[in-house]
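If you want the building blocks of each chain, they are given just below.
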Number of protein chains: 2
Amino acid sequence: MTGKILRLYPLPAQELLGESIYEDLELPPPGRATPSRPYVIMNMVSSIDGRTATRGKASRIGSETDRRVMRTLRSKSDAVMIGAGTLRAEKLSLGLDEVSRGTQPLAVIVTKTANVPLATNVIIGERQEVLVITTEDAPEADVKRLREHASVLRLPTTSSGGVSLEEALKWLEATRGVDLLLVEGGPRLNYSLVSQDLADELFLTLASKLLGSTRSDDLTLLEGPKFSLTESPKAELVSIHLSEDELYLRYRFER
Amino acid sequence: MTGKILRLYPLPAQELLGESIYEDLELPPPGRATPSRPYVIMNMVSSIDGRTATRGKASRIGSETDRRVMRTLRSKSDAVMIGAGTLRAEKLSLGLDEVSRGTQPLAVIVTKTANVPLATNVIIGERQEVLVITTEDAPEADVKRLREHASVLRLPTTSSGGVSLEEALKWLEATRGVDLLLVEGGPRLNYSLVSQDLADELFLTLASKLLGSTRSDDLTLLEGPKFSLTESPKAELVSIHLSEDELYLRYRFER
């Protein structure tokens, strides 16, 4: 099956010829009501045993085809968002890989503390703007340091001490015209969005590897208090692609 | 798609009519060389975010179709194995659900310590035999208690203080004629088998739910030290079934 890409679902199954996975997608889906927030899609890659790695990671677990999926989704998005914890863990890019003549998506970093290694850990694409969203309680000195490399939006601190994602999304739509927001982790940001019903879709690459992990590792799709089985978010499987044992699953969350 | 079961891969895709998933499988695969150990298949159900639940669990995460898959695989197996930790956590059955006129698979429980709540946590099917495999160092009193409900096999303790799974498998094949062994977790037993290259296939049900979890939770497919990315076990995706947003994935480990 080397190199062959099959769309298995919806039927009829067919080979994609000269086309990339998701290239033909229209996102946000046409016809949705006047949005008060961006359409939010998450993109993650997971091992068979549910371990995820960050998108920009050098030692990534997905294939080249998976990397192309990431680029395709980024190229359709107005902004790419990640949590600060992910950025602290590794150096990564939030832009399009290749030299792009088009517009780079806005890079959005969410951080409670404003303690983000922006200078060292973000590879900023040409013509790419970086926006850090933090709280009003973040230390001034950290905010000042961030402003050397990025725009900074400060929102009222929520009762739980963090950034209000709902407010952040509304602001992105209203002020920056972000209609399609791509979220690339980490697990805590994913969890916050899902548990607050702010995520619309999940694009999950299931690599054909087993990674193993001990209890103290923190590398799953979601990190946060367990949902009860009856209240766990359910998802509709919209499409399935297969390439060299790697599965590309598109889920839409049910409301 | 209610109730409809599609086999999506291998192509051509088709609806299964009046047939259960995996019902037509011949296991172990015909034509393998004279075996020194059983053909080992693992069966697990996982949420989209990689959280697994034990097969016998009341509050299970899979659907009725998934439960039928479990029964189909059990009915083909000579023995069903679980780790003692899983049994300590919950009451479960290792037999066929319905009153079966045929033979029940041998129930095999692996335990380092022989501290297993056999009397309270195993629902033993009619005509089902239970075998506990433990170490020579397990306390006599515990072993004696186990013998009231089960046969007990004691193997030399390995250098790491546990049961030698390789020896256990050889014994099952040679002494009990177990050609097909179904393993249903937990994560530590799965990990031991995979990391010792003793597992042949994984049947994974991917339910369309997100469960969430915190760092201290221990509910993934594998628990054990992380494999390096270059040495992580790879798997070939053999078949894909879909029923009501739930995916049934059959993987064969590559050697």
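Note that the structure is a prediction, hence the values are computed from the model and not measured.

> I keep staring at the interface of chain B and chain A and nothing clicks. Help me out?
As a measure of interface size, the accessible area lost when the parts come together is often cited. Taken residue by residue, the interface counts 44 residues in chain B and 44 residues in chain A. When residues of the side of chain B that touches chain A are traced back to their parent elements, those giving at least two are strand 1 (5–9), helix 6 (187–195) and strand 13 (235–243) of chain B. For the side of chain B that touches chain A, the element with the highest residue contribution is strand 13 of chain B, accounting for 5 residues. Split into classes, the residues belonging to the side of chain B that touches chain A amount to 22 nonpolar, 11 polar and 11 charged.

> In this structure, what is going on with the pairing of strand 12 (residues 201–206) of chain A? I would like to understand it.
Consecutive residues of a regular strand have side chains that alternate between opposite faces of the sheet. Residue and element names in this part refer to chain A. Of all 6 residues in strand 12, 6 are buried; the element is thus mostly enclosed. Neither face of strand 12 is open: one carries Glu-201, Phe-203 and Thr-205, the other Leu-202, Leu-204 and Leu-206, and all of them are buried. Two elements, strand 3 (residues 39–46) and strand 12, share 6 bridges in a ladder whose sense is parallel. Directly across from Met-44, in strand 12, lies its bridge partner Leu-204. Here strand 12 runs beside strand 14 (residues 246–253); their pairing, made up of 6 bridges, is antiparallel. Directly across from Leu-206, in strand 14, lies its bridge partner Leu-247.

> Mind showing me how you'd approach the relation of the copies chain B and chain A here?
The two copies are related by a screw motion: chain B maps onto chain A through a turn of 180 degrees and a shift of 0.0 Å along the axis, at an RMSD of 0.0 Å. The transformation relating the two chain copies, once decomposed into turn and shift, fits a two-fold axis. No C-alpha of chain B lies nearer the rotation axis than that of Gly50(B), which sits 1.8 Å from it. Most of the interface of chain B is mirrored in chain A, where 100% of its interface residues are also at the interface.

> How should the nonpolar core be read in this particular structure?
Nonpolar side chains tend to gather and get buried jointly when the protein is soluble and globular. Ranked by size, the top nonpolar core spans 139 residues in total, and within it Ala107(A), Val108(A), Ile109(A), Val110(A), Val108(B), Ile109(B) and Val110(B) carry the most contacts. The residues contacting Ile109(A), other than those within four sequence positions of it, are Ile82(A), Ala84(A), Leu87(A), Val116(A) and Val132(A).

> Please explain unusual backbone geometry as it appears in this structure.
Generally, phi is negative for residues other than glycine and the peptide bonds are trans, each holding for most cases. Cis geometry is adopted by the peptide bond preceding Pro12(A), which originates at Leu11(A) and carries an omega value of 0 degrees. In this fold, Pro12(A) is placed in the loop between strand 1 (5–9) and strand 2 (14–15). Cis geometry is found at the peptide bond from Tyr9(B) to Pro10(B), where omega equals 0 degrees. Note on placement: Pro10(B) falls in the loop between strand 1 and strand 2 (14–15). A positive phi angle is found at Ala114(A), which is not glycine, with a value near 70 degrees. Tracing the chain through its elements places Ala114(A) in the loop between strand 7 (106–110) and helix 3 (118–121).

> Just to check I follow, could you spell out the environment of Lys209(A) for this structure?
On the secondary structure map, Lys209(A) appears in the loop between strand 12 and strand 13 (235–243). Judged by local crowding, Lys209(A) falls into the buried class, with 21 C-beta atoms found within 10 Å. Setting aside residues up to four positions removed in sequence, Lys209(A) forms contacts with Ser47(A), Ile48(A), Ile61(A), Ser232(B) and Lys234(B).

Calculation rules
- Residues numbered from 1 in each chain as written.
- Chains lettered and ligands numbered in written order.
- Predicted model: local features only at pLDDT ≥ 70, side-chain atom pairs only at ≥ 80, totals over all residues.
- Contact = placed C-beta atoms within 7 Å.
- Helix = DSSP H or I, 4+ residues; strand = E, 2+ residues; numbered from the N terminus.
- Nonpolar A, V, L, I, M, F, W, Y, C, P; charged D, E, K, R; others polar.
- Buried ≥ 20, exposed ≤ 12 C-beta atoms within 10 Å, placed from the backbone.
- Pairing = 2+ DSSP bridges.
- Least-squares fit on C-alpha atoms with pLDDT ≥ 70 in both.
- Core = buried A, V, L, I, M, F, W, Y, C linked by C-beta atoms within 7 Å.

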